[in-house]
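What the coordinates show
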Amino acid sequence: MTTLTAKDKQTVKAFWAKVSGKSEDIGASAVARMLVVYPQTKTYFSHWQDQSPNSPAARKHGKTVMMGVGDAVTKIDDLKEGLKELSQLHAFTLRVDPANFKILSHNILVVMAVMFPTDFTPEVHVSLDKFLAAVSLALAEKQGQEDPGVGVNLFRVTPARN
Amino acid sequence: MPENSVSADLQTGSDKMVEWTDFERDTIKDIFSRIKYDVVGPAAFARCLVVYPWTQRYFGGFGNLYNAAAIKGNPMVSKHGTTIIHGLDRAVKNLDDIENTYTELSVLHSEKLHVDPDNFKLLADCLTIVVAAQLGKEFTGEVQAAFQKFLAVVVSSLGRQYH
């Protein structure tokens, strides 16, 4: 797992400053693509009445996700600590298979390419890819650890992330 | 070997043909008729070398790959990018027999070039990104799904002759 260099952090912050105004659209589009291109991800949203990619629930979820990404940008110097609560949520309540973080990250990158073709250069791409991987790792952090609501897990298992 | 890509994994047995819907066929052909080969090929390949720097291991003879600017401006990178996209064109013209189309290329990449087939998926992801940038809003989720399915079949075929 590569760490974010100072240049990566700078690049991510600068790019985020440019695009964050459109974060709702970015999120909605990324979630929509995920549901269409990787239909197995719909299994996490069986509680939505309308599972179609452009439903109000999907749009709302896109907004939620990008708010989380924006928050992560401000905590870029210590993602593990900064995303502790979100990690607990994804591990113990939502129980998301961490492989899906990679899928959503990929679709966020595709949306960046669609919406910001000139700004999303290879240099920005690599830093953002590394950042989203670091966020994903921080979100997967709590998997296999003690669930504060349930009790001690007998096995300390770190998920095979790749 | 860690997997870094999310290109949809496709398991095709030798007795199972890939089935394409009309939408998928039309979409794939449409994409390839619209993209500029000498722009998309070099851009995708250069992006792959930047975003997944370990892929540079196969191109020791390409000269200066020290940074993103050098990679983008490197004429050997551009030339190879164009070669790759023309190679994809063969699959577009033979959608119903991609497997056999790539038998020789698969042997070449395995026996002679010794390329880890995981890298094909990384390049496929970069192609998706570059095509998305070229097509913009027209690169809808449905178009993306068709394109990624096509690339997954290509990637699978290129890996078939490895042993």
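Located above this text is the structure these notes cover.
Below: a short report on this structure.

Each value, and the rule that gives it
Residues numbered from 1 in each chain as written. Chains lettered and ligands numbered in written order. Predicted model: local features only at pLDDT ≥ 70, side-chain atom pairs only at ≥ 80, totals over all residues. Heavy atoms only, no water. Helix = DSSP H or I, 4+ residues; strand = E, 2+ residues; numbered from the N terminus. Rg over C-alpha atoms; globule rule 2.2 N^0.38 Å. Buried < 20%, exposed > 50% of the residue type's maximum accessible area, 1.4 Å probe, protein only. Contact = heavy atoms within 4.5 Å. Areas by Shrake-Rupley, 256 points an atom, 1.4 Å probe, with all protein chains shown as cover. Lys, Arg positive; Asp, Glu negative; His and termini not counted. Charge placed at Lys NZ, Arg CZ, Asp CG, Glu CD. Expected span 1.5 Å × (residues − 1). Axes fitted to C-alpha atoms, helices over the stretch in contact; angles between N-to-C directions. Nonpolar A, V, L, I, M, F, W, Y, C, P; charged D, E, K, R; others polar. Salt bridge = Lys/Arg side-chain N within 4 Å of Asp/Glu carboxyl O. Buried area = accessible area lost by both parts, 1.4 Å probe. Polar contact = N/O pair within 3.5 Å; in protein donor to acceptor, adjacent residues only side chain to side chain.

This paragraph deals with the overall build of chain B. From N to C terminus, chain B includes 8 helices and 0 strands. When its helices and strands are written in sequence order, chain B yields α-α-α-α-α-α-α-α. For 163 residues, the compact-globule estimate of 2.2 N^0.38 gives 15 Å, and the C-alpha radius of gyration of chain B, at 15 Å, lies within 12% of that figure. With the principal axes as the frame, chain B shows a C-alpha extent of 45 × 40 × 25 Å. Counting every position in chain B, which comprises 163 residues, the buried fraction comes to 50%. Of all intrachain contacts in chain B linking residues separated by at least 6 positions in sequence, the fraction that spans at least 24 positions is 76%. With an accessible surface of roughly 8000 Å², chain B has 54% of that area assigned to carbon and sulfur atoms. Across chain B, the 16 positively charged side chains and the 20 negatively charged ones have centroids separated by 7 Å.

Once that is clear, we can look at helix α7 (residues 118-135) of chain B. Residues and elements named next belong to chain B. In this model, α7 (18 residues) spans 26 Å end to end at C-alpha, consistent with the 26 Å of a helix rising 1.5 Å per residue. Of all 18 residues making up α7, 16 are buried, and the element is well covered by its neighbours. Just downstream of α7, Gly136 is the residue with a positive phi angle, here 60°.

Let us now look at the packing of helix α5 (residues 84-93) of chain A against helix α7 (residues 122-140) of chain A. All names here are of chain A. One way to put it is that α5 packs onto α7 with a least axis distance of 7 Å and a crossing angle of 65°. Counted together, Leu86, Ser87 and His90 of α5 and Ala138, Leu139 and Ala140 of α7 form the full contact between these two elements. A class-by-class count of the residues in the contact of α5 with α7 yields 4 nonpolar, 2 polar and no charged.

On to the pattern of salt bridges, then. A side chain of one charge can pair with a side chain of the opposite charge if their charged atoms are brought near each other. Residue and element names in this part refer to chain A. One pass over the full model with this rule turns up 14 salt bridges over all chains. Residue Lys130 is joined to Asp8 by a salt bridge in which the shortest nitrogen-to-oxygen separation is 2.7 Å. Within this pair, whereas Lys130 is found in helix α7, its partner Asp8 is found in helix α1 (residues 6-19), the two being separated by 122 residues in sequence. With relative accessibility at 6%, the residue Asp8 sits in the buried group. Ionic pairing is found between Glu81 and Lys84, a salt bridge with its closest N-O pair at 3.2 Å.

Listed by partner, the interface residues are 21 residues for chain A and 24 residues for chain B. Overall, the association of chain A and chain B removes approximately 2000 Å² of surface from exposure, summing both partners, and the carbon and sulfur fraction of that is 64%. Together, His106, Pro122 and His125 of chain A form the three largest contributors to the area buried by chain A at its contact with chain B, with a combined 24%. The interface formed by chain A and chain B holds 1 salt bridge in total. One salt bridge in this structure joins Lys72 of chain B and Glu123 of chain A, with 3.5 Å as the shortest N-O distance. Taken together, chain A and chain B are joined by 9 residue pairs in polar contact (both at pLDDT 80 or more).

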